[in-house]
Amino acid sequence: MFRVMIVDDEPLVRLAMGAIIPWQDLGCEVVAEAADGHEAWERISIHQDIDLMIVDMSMPIMDANTLLSKLQEANLTNSPLSIVLSAYSDFNFVRKAFLLGAVDYIMKADLDPKHIVPVIEKALNQLKERTDSSLTLQKMNHDADMKQREVWFRGLLCDKDYIYSLNLTQDDSFQKWVAQYANYQHVIITLLPDRRSPEGSKTAQPDPEHHDHLVKIIKQGMEIVKLPYEFVQTQEDEYSLMLCVESSTSYLNLRGRVMELLDSLRNTIKNFLNVSLSIGVSESCADWKAWHLRYNQAKGLASMRFSEGPGRVYYPETVSVTERQQNIPWDYSVMMFHMEKGDNQWQQQLSAGLTHLSEMPNVTLESSLPIYEELIWNIGALLHTKGMNWTHVIETRRRPYEIVEQFNFREDLHEWIEKLVFRLADLLHPDKFREENPQRLVERVKRYVEKNYCNAITLGQVSEWAQVTESHLSKQFVKETGEHFIEYVTKLRINEATRLIETDMKMYEIGVRVGYENPEHFSRVFKKYRGMSPQKYRDNYSKKKE
């Protein structure tokens, strides 16, 4: 609502202007009156809270043009728009008022709402335009400021020489920004959304809409806790948060506040986006110059999801990254020799080596890369000796070393390596490989199904993934497990559905989660295996809890 001031030395005119004009309907409120220009100037210059001023041309002490001149010279932050009241037929006075900033005039001889209201509406439209323009400019300045802060924050985290390379020590705005955190403890937190890598041929791509929602949830969560913070996307699918707490905060209090915040963020993101977060939390520091080291610490901790699994929070005092050199678990020359000759001993060596690597705790992909890269190099050398290249075993033009570096979780990488090596063996000795490894084939298929049963999955799709015919896979699956493929998938789905029914999740959401888009179909299948409908099962479970 716009705030109006009426300035006239005649009380009856002020009363009439306040009474005959429907200010409320126009979105205005008359908040002040003045009997002369000097009185009006004192109110406006001090409070700067008037949006529209109706001012008489001729007044004692200070007339309208003198008042307008002072307003123009003062260049106030919020100077009102002015409409002048004139009792003169000579428009020289009005013309001068326009030159001094007045936007319109009203003749006192014509104080009728039908003449006055259009003039005021015109002035209000200008006010709205000015307000919109001012808000737009404020938003642009705010957005530019926030973007600059993000650039600074990202640079300080990721580049230890950032401040010196840009000579930011001489930048007053930068110094003012970091100075606001001088009396706080700073904790750097790295957040990694857990996305699986489908078959390793390409990584799961971040959804832009999920990114926007995730950023919004995190910022809303920070606004709730009302602590100073900085937040930025440091890399694709990696986010960093700097949380500030009072310098006097004890270690236990600090840890409790961090845990409470992260638990809230993780639960909200999981519920709304169905995405878990792996999080690394650094030790606290009091100097922004230490942010780079703390970021590396937090990132290294979060990266332990590679070996420890998704959805965990890692603190420096509870777990540490294994930096020691890992032993190579294979004799490459022997394993490649057996593979080339068609001797299945290479399978035992590969399996034992992967098992050995899987048992290594607290390792990151970065620390493990040399082992996997050397295995890839030996496979490539064997391909070369056979006159083949990577396109024969990888369904992408991406280099295998690039693929390895994109994995978030060790078990996914090992599955991809197994598939890669078995595909190579299949190329070298196709008939022998398929005939002599039914048990290994079924184990691979079972692991694949256990990861993907919640999606649409068919025997044909899985046989294509395993690179065998449907009939061959079907026969081997029944032979090794004693049940048909579809029965195995259905049992996995119903077991998971049973677990979810014991939570507060909506029934139709459970059906979709375990691979049944049609609620009626889900209910029929569940009843067949559990002897009752999903809702009946939930009711019985609730009664038992009581």
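As shown above, the structure is provided for reference.
Anyway, here's the lowdown on the structure attached to this text.

What follows deals with the overall build of the protein chain. The helix and strand inventory of the protein chain stands at 24 helices and 10 strands. The globule rule puts the C-alpha radius of gyration for 546 residues at 24 Å, and the 36 Å found for the protein chain is more than 25% above it. Projected onto the principal axes, the alpha-carbon positions of the protein chain cover approximately 110 × 60 × 50 Å. Here the protein chain, with 546 residues, has 45% of them falling under the buried criterion. Relative to all contacts within the protein chain whose residues are 6 or more apart in sequence, the contacts with residues 24 or more apart total 70%. Roughly 28700 Å² of accessible area belongs to the protein chain as shown, and the carbon and sulfur atoms make up 49% of that amount. Charge-centre separation for the protein chain: the mean point of 64 positive side chains lies 7 Å from the mean point of 79 negative side chains.

All right, on to the packing of aromatic side chains then. In this structure the tally under the stated criterion is 17 aromatic pairs. Taking 5.5 Å as the distance between ring centres and 85° as the angle between the ring planes, the aromatic pair formed by Phe 153 and Trp 291 counts as edge-to-face. Of this pair, Phe 153 sits in helix H5 (residues 113–158) while Trp 291 is found in helix H10 (residues 291–302), placing the two residues 138 residues apart along the sequence. For the pair Phe 153 and Trp 291, one class covers both residues: buried. Seen from their ring centres, Phe 231 and Tyr 239 are 5.9 Å apart, and the 5° between their planes marks the pair as stacked.

Attention shifts here to the nonpolar core. Counting 37 residues, the largest nonpolar core has Trp 330, Met 339, Leu 350, Ile 379, Leu 413, Trp 416 and Leu 424 as the members making the most contacts within it. Of all the secondary-structure elements, those providing two or more residues to this core are helix H12 (332–341), helix H13 (345–358), helix H14 (365–385), helix H15 (400–405) and helix H16 (410–428). Residues contacting Leu 413, with those up to four places away along its chain left out, are Phe 306, Leu 365, Tyr 372, Val 404 and Phe 407. Counting residues in hydrophobic clusters, the runner-up holds 28 residues, among them Tyr 229, Leu 262, Leu 265 and Tyr 315.

Moving on, we come to the pattern of salt bridges. As enumerated under the stated definition, the model contains 25 salt bridges in all. Here Asp 8 ties to Lys 108 by a salt bridge, and the two come within 3.1 Å at their closest N and O atoms. Residue Asp 8 is found in the loop between strand S1 (2–7) and helix H1 (11–20), and its partner Lys 108 is found in the loop between strand S5 (104–107) and H5; the two are separated by 100 residues along the sequence. For Lys 108, a relative accessible area of 18% puts it in the buried group.

Pairing is parallel in the open sheet, where 5 strands are placed in the order S2-S1-S3-S4-S5. A single partner strand is all that each edge strand has here, and the edge strands are strand S2 (28–34) and S5. Each strand axis lies, on average, 25° off the axis of its neighbour in the sheet, ignoring direction. Pairing geometry for S1 and strand S3 (residues 52–56), over 4 bridges, is parallel. What sits directly across from Val 4, in S3, is Leu 52.

On to the pairing of strand S6 (residues 184–193). With respect to burial, S6 is a largely interior element, 9 of its 10 residues being buried. As judged from the 8 bridges shared by S6 and strand S8 (residues 238–246), these two strands associate in the antiparallel manner. Paired with Ile 189 across the strands is Leu 241, a residue of S8. Where S6 lies against strand S9 (residues 277–281), 5 bridges are found, and the strand directions are antiparallel. Bridge pairing in S9 places Leu 191 opposite Ile 279.

This part covers the packing of helix H19 (residues 459–466) against helix H20 (residues 470–481). Remark: H19 packs on H20, axes separated minimally by 9 Å, with the N-to-C direction vectors making an angle of 100°. When the axes of H19 and H20 are compared, the pair comes out roughly perpendicular. Counted together, Leu 459, Gly 460, Val 462 and Ser 463 of H19 and Glu 470, Leu 473 and Ser 474 of H20 form the full contact between these two elements. Split by residue class, the contact of H19 with H20 holds 3 nonpolar, 3 polar and 1 charged.

With that out of the way, let us pick up unusual backbone geometry. A negative phi angle is the norm for most residues apart from glycine, just as the trans form is the norm for most peptide bonds. For Asn 75, which is not glycine, the phi torsion reads 50° and is therefore positive. Of note, the phi angle at Asn 167 is positive, near 55°, even though the residue is not glycine. Relative to the assigned elements, Asn 167 resides in the loop between helix H6 (162–165) and helix H7 (172–179).

Along H19, the residues classified as buried are Leu 459, Val 462, Ser 463, Trp 465 and Ala 466. Projected down its long axis, H19 shows its buried positions confined to an angular sector of 155°, all on one face. Once H19 ends, the next one or two residues include Gln 467, with phi positive near 65°.

Another aspect to go through is the sheet that holds S6. Pairing within the open sheet is mixed, and its 5 strands lie in the order S7-S8-S6-S9-S10. Looking at the sheet topology across the chains shown, the edges are occupied by strand S7 (229–235) and strand S10 (313–314). Bridge analysis of S7 against S8 gives 6 bridges, and the strand direction is antiparallel. Residue pairing in the sheet places Val 232 in a bridge with Ser 240 of S8.

This paragraph deals with the pairing of S2. Bridge count between S1 and S2: 6 bridges; the pairing is parallel. When the sheet's bridge partners are listed, Met 5 is paired in S2 with Ala 32. Where the polypeptide runs from S1 across H1 and back to S2, its parallel neighbour, the crossover connection is right-handed.

Time to look at helix H21 (residues 485–501). Given a rise of 1.5 Å per residue, 17 residues ought to cover 24 Å, and the 24 Å separating the end C-alpha atoms of H21 matches this to within 8%. The buried count for H21 comes to 12 of 17 residues, which makes it a mostly enclosed element. Three or more residues of H21 are buried, namely Phe 485, Tyr 488, Val 489, Thr 490, Leu 492, Arg 493, Ile 494, Glu 496, Ala 497, Thr 498, Leu 500 and Ile 501.

In this fold, Met 532 is placed in the loop between helix H23 (519–530) and helix H24 (534–545). When the C-alpha atoms of Met 532 and Leu 26 are compared, they prove to be 65 Å apart, with 506 residues separating the residues in sequence. If near-sequence neighbours (up to four positions away) are discounted, Met 532 is found in contact with Phe 526, Lys 527, Tyr 537 and Asn 540.

Parameters at a glance
Residues numbered from 1 in each chain as written. Predicted model: local features only at pLDDT ≥ 70, side-chain atom pairs only at ≥ 80, totals over all residues. Heavy atoms only, no water. Helix = DSSP H or I, 4+ residues; strand = E, 2+ residues; numbered from the N terminus. Rg over C-alpha atoms; globule rule 2.2 N^0.38 Å. Buried < 20%, exposed > 50% of the residue type's maximum accessible area, 1.4 Å probe, protein only. Contact = heavy atoms within 4.5 Å. Areas by Shrake-Rupley, 256 points an atom, 1.4 Å probe, with all protein chains shown as cover. Lys, Arg positive; Asp, Glu negative; His and termini not counted. Charge placed at Lys NZ, Arg CZ, Asp CG, Glu CD. Phe/Tyr/Trp six-rings, centres within 6.5 Å; stacked < 30°, edge-to-face > 60°. Core = buried A, V, L, I, M, F, W, Y, C linked by side-chain atoms within 4.5 Å. Salt bridge = Lys/Arg side-chain N within 4 Å of Asp/Glu carboxyl O. Pairing = 2+ DSSP bridges. Axes fitted to C-alpha atoms, helices over the stretch in contact; angles between N-to-C directions. Parallel < 35°, antiparallel > 145°, perpendicular 65-115°, else oblique. Nonpolar A, V, L, I, M, F, W, Y, C, P; charged D, E, K, R; others polar. Arc of directions from axis to C-beta. Right-handed = clockwise from strand over helix to strand, strands pointing away. Expected span 1.5 Å × (residues − 1).

In short, shape yes, function no, at least from these values alone.
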